[in-house]
Amino acid sequence: MQESELMSQVGQRKQQQSELVNIVHQHYGDYVFDSPDAITTSESVYFPIKEGVLAGYWLDTDASDYPMLQGKAVATIKNLYFFVFTPQQMQELVLDASADEEQ
């Protein structure tokens, strides 16, 4: 893969991530970081979005930030930093990885 192609893909991913974060802020201000379906790893906590325009997507927050976020809604947290994972990314990053660890 050419370096320019790689940089283009990185730019597209950053743009997509920015758009997804904006959608979360627009549509999920009342989303509360307190889900029994959350998946916790040593580095991150992943929260499922179960309804609306991003149903099936996941919010990823730093595991060290989770105690400050737990029980709070997106709109009430200043300087909230998170990633949004598509269902496919979540499958590849977390669900497949945890299956590998169990084997």
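This text follows the structure it describes.
What this report covers is the structure whose coordinates are included nearby.

Definitions and limits used
Residues numbered from 1 in each chain as written. Predicted model: local features only at pLDDT ≥ 70, side-chain atom pairs only at ≥ 80, totals over all residues. Heavy atoms only, no water. Helix = DSSP H or I, 4+ residues; strand = E, 2+ residues; numbered from the N terminus. Buried < 20%, exposed > 50% of the residue type's maximum accessible area, 1.4 Å probe, protein only. Core = buried A, V, L, I, M, F, W, Y, C linked by side-chain atoms within 4.5 Å. Contact = heavy atoms within 4.5 Å. Pairing = 2+ DSSP bridges. Salt bridge = Lys/Arg side-chain N within 4 Å of Asp/Glu carboxyl O.

1. Considerations on unusual backbone geometry
Part 1 of the argument: Phi is positive for Asn 79, close to 55 degrees, though the residue is something other than glycine.
Part 2 of the argument: As for its placement among the helices and strands, Asn 79 is situated in the loop between α2 (66–69) and β4 (83–85).
Part 3 of the argument: According to the relative accessible area criterion, Asn 79 is exposed, its value standing at 79%.

2. Notes on the nonpolar core
The nonpolar side chains of a soluble globular protein tend to be buried with one another.
Part 1 of the argument: Within the largest apolar cluster, 18 residues are counted, with the highest numbers of intra-cluster contacts made by Val 24, Tyr 31, Phe 33 and Leu 59.
Part 2 of the argument: Mapped onto this core, the elements with two or more residues apiece are α1 (3–27), β2 (44–48) and α2.
Part 3 of the argument: At 3 residues, the largest contribution of residues to this core is made by α1.
Part 4 of the argument: Excluding residues within four positions of it along the chain, Leu 59 makes contact with Val 24, Tyr 31, Phe 33, Val 45, Tyr 46, Phe 47, Ile 49, Phe 82, Phe 83 and Val 84.
Part 5 of the argument: Ranked by size, the runner-up nonpolar core spans 5 residues in total, among them Tyr 46, Trp 58, Met 90 and Val 94.

3. Quick notes on the pairing of strand β3 (residues 58–62)
Part 1 of the argument: Burial within β3 is extensive, with 4 of its 5 residues counted as buried.
Part 2 of the argument: Bridge analysis of β2 against β3 gives 5 bridges, and the strand direction is antiparallel. When the sheet's bridge partners are listed, Phe 47 is paired in β3 with Leu 59.
Part 3 of the argument: In this structure, β3 lies alongside β4, joined through 3 bridges in antiparallel fashion. Its bridge partner being in β4, Leu 59 is matched across the sheet by Val 84.

4. A few points about the pattern of salt bridges
Part 1 of the argument: Tallying each qualifying case throughout the model produces 1 salt bridge.
Part 2 of the argument: For Lys 50, the salt bridge is made with Asp 37, and the minimal N-O distance between the two is 1.9 Å. Residue Lys 50 is located in the loop between β2 and β3, and its partner Asp 37 is located in the loop between α1 and β1 (39–40); the two are separated by 13 residues in the primary sequence.
Part 3 of the argument: Here Asp 37 falls in the partly exposed class, since its relative accessible area comes to 37%.

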